[in-house]
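What the coordinates show
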Amino acid sequence: MIRATRVLPAGSWSDPADRVELDFDDRHRRRMAMTGEAGTAFLLDLPKAVTLRGGDGLELEDGRVIEVVSAPESLVEIEADDMGHLVKIAWHLGNRHLPTQLMGRNLRIRRDHVIEDMVEKLGGRIAVISAPFDPEGGAYGHGSVQGHDHPHDPGHGHGHSHTRDDHHHGHPMTEPAALYRLLAWLSPSFPVGAFSYSHGLEWAVEDGTVTNAATLQCWLEDVLRHGSGRSDAILLARAHEAFSDDDLRLCAEIAELAAALQPSRERHLEATAQGSAFLATIEAAWPMQDAAMAERLAALMPPPTPLHHPIGTWTHAVAVGILAAGHGIERAATIHAYLNAFTSNLVSAAIRAVPLGQSDGQRVIAALEPLITEVTREALTAPLDDIGSATFRADIASQRHETQYTRLFRS
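What you see is a predicted model, and the numbers here were worked out from it, not measured in a lab.

Strand order in this open sheet of four strands is S8-S9-S7-S10, and the pairing throughout is antiparallel. Sheet topology places strand S8 (101-102) and strand S10 (125-132) at the edges, where each strand pairs with a single neighbour. By the bridge criterion, two bridges tie S8 to strand S9 (residues 107-110) in an arrangement that is antiparallel. Bridge pairing in S9 places Gln101 opposite Arg108. Contacts from helix H1 (residues 83-95) reach strand S7 (72-79) and S9 within the one sheet, and its direction differs from that of S9 by about 30 degrees. This element, helix H2 (residues 113-121), spans S7, S9 and S10 of the sheet and lies at about 135 degrees to S10.

Right, dumping it as structure tokens:
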């Protein structure tokens, strides 16, 4: 298949050989098979992901150019009585890292009933429209071929200097300190017992589904893109946001939802036991320096009773999100580090169960880097309503593992 290896900014080329219509998500890709309206099949194959805009050109290896057309999407157009109210609304949208298109006297965002309710409470008027969506790039980290955007990797903070992506209450942590804590908290040596869980992978090995590096990579890609990896990333992001916003009721609801979503007894144990161990270790060794944040955490955790221990209802993802927010660690970096640790632990389990060589394991981790970055980016703005799983075989694997005859792992 012929490749498109270079992006030509709008206005710098002419005479397209074909055109391809893409929505906003598909206009932020590095590698993707595409087919133009006239039938030209090609592979987008760029050195790194960039945000394409309507009118950009994709240069094929034979010199032909494919025009990028922004596809109409279901959007909300926001107006206000005066510019002051509009700026206030824009600030709140940016504070939540929602992709927003600036239209002069109005704003455009994707449909989200929670955000729409917030906008109306802030004095905005909304109208549902269908139109191409070309949001500003710099605020939420989509690299662009246009000069006004700066590249951004959602796993490493913004291109500018602040270290938290939410700017809520509390004191943002400096980048070296935040990185140090993430490396420590999500390392294999942190005492949450991650090494004893395989997330159902051990049954997939026993069943013959996962037999080598290639099948392991396919299994993990599905879990990250369509299963618990993506769901945990969204839960972590929203827990981080809720705790930063001092919305303790929402924090409790997210914690309850995350525990309820576990598809089997072993997966519930895996998620909540690690969450409990994570919280207990952080409280013992890394006490919060911000008094307000410490009080907020104490208020969220009611005294345990013999029949109910609230710490036990926190999954690992929720615990990491809330504690990272309390320590002033940026949300995107936290999600990225969590997904990397989650993936690395399952690769480590596969090395012991398949077995695989260490080099093969590292090749799988390296191959999953772009996907983890993509899932991190999506989780930053995805609402709780977007949580869902289609990895039925992974869920069944965790259920079958409960009665597996020979086991190395607890899940």
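This next bit is on the sheet that holds strand S4 (residues 41-51). Taken in spatial order, the six strands line up as S2-S6-S5-S1-S4-S3 in an open sheet, and their pairing is mixed. Looking along the sheet, the strands with just one partner apiece sit at the ends: strand S2 (18-22) and strand S3 (28-35). Mean inter-strand twist for the sheet, computed between neighbouring axes without regard to direction, equals 30 degrees. Here five bridges tie S2 to strand S6 (residues 65-70), and the two strands are oriented parallel to one another. Opposite Val20, over in S6, you have Val68 as the bridge partner.

Running from N to C, helix H6 (residues 228-244) and helix H10 (residues 316-326) cross one another at 35 degrees; their axes reach a closest spacing of 8 Å. The crossing of H6 and H10 is right-handed. Contact residues: Asp232, Leu236, Ala239, His240, Phe243 and Ser244 in H6; Ala317, Val318, Val320, Gly321, Ile322, Ala324, Ala325 and Gly326 in H10. Here the contact of H6 with H10 is built from residues that sort into nine nonpolar, four polar and one charged.

With that settled, consider the pairing of S9. Here S7 runs beside S9; their pairing, made up of four bridges, is antiparallel. Considered in S9, the bridge of Ile78 is made with Leu107. Linkage of S8 to S9, two consecutive antiparallel strands, is achieved through a turn of four residues, within which Gly104 is found at a positive phi near 85 degrees.

With their axes 8 Å apart at the nearest point, H6 and helix H7 (residues 248-260) run at an angle of 160 degrees to one another. Between H6 and H7, the angle falls in the class roughly antiparallel. Between H6 and H7 the crossing geometry is left-handed. On the side of H6, the interface is formed by Leu235, Arg238, Ala239, Ala242 and Phe243, while H7 contributes Leu248, Leu250, Cys251, Ile254, Leu257 and Ala258. Its residues assigned to classes, the contact of H6 with H7 comprises ten nonpolar, no polar and one charged.

So, about unusual backbone geometry. Omega for the bond connecting Val354 with Pro355 falls within 30 degrees of zero, at -10 degrees, which places this linkage in the cis form. With respect to the element layout, Pro355 can be found in the loop between helix H11 (331-353) and helix H12 (358-367). The backbone of His199 shows a phi angle near 60 degrees, a positive value even though the residue is not glycine. The topology assignment puts His199 in the loop between helix H3 (175-185) and helix H4 (201-207). On the basis of relative accessibility, which here comes to 6%, the residue His199 falls in the buried class. Even without glycine at this site, Asp246 takes up a positive phi of about 65 degrees. Structurally, the position occupied by Asp246 is in the loop between H6 and H7.

Enumeration over the complete set of coordinates arrives at 22 salt bridges. Among the ionic pairs, Arg125 bridges to Glu79, the shortest N-O distance being 3.8 Å. Placement of the pair is Arg125 in strand S10 and Glu79 in strand S7, with a sequence separation of 46 residues.

Along its 13 residues, H1 runs 18 Å from first to last C-alpha, staying within 8% of the 18 Å computed at 1.5 Å per residue. On its buried side, H1 packs onto S7, S9 and H2. Two to three positions downstream of the cap, the backbone nitrogen of His85 sits 2.8 Å from a side-chain oxygen, assigning the N-cap of H1 to Asp82. Phi turns positive, to about 55 degrees, at His97, one or two residues after H1.

About the thresholds
Residues numbered from 1 in each chain as written. Predicted model: local features only at pLDDT ≥ 70, side-chain atom pairs only at ≥ 80, totals over all residues. Heavy atoms only, no water. Pairing = 2+ DSSP bridges. Helix = DSSP H or I, 4+ residues; strand = E, 2+ residues; numbered from the N terminus. Contact = heavy atoms within 4.5 Å. Axes fitted to C-alpha atoms, helices over the stretch in contact; angles between N-to-C directions. Left-handed = near helix turned anticlockwise from the far one by under 90°. Nonpolar A, V, L, I, M, F, W, Y, C, P; charged D, E, K, R; others polar. Parallel < 35°, antiparallel > 145°, perpendicular 65-115°, else oblique. Buried < 20%, exposed > 50% of the residue type's maximum accessible area, 1.4 Å probe, protein only. Salt bridge = Lys/Arg side-chain N within 4 Å of Asp/Glu carboxyl O. Expected span 1.5 Å × (residues − 1). Polar contact = N/O pair within 3.5 Å; in protein donor to acceptor, adjacent residues only side chain to side chain.

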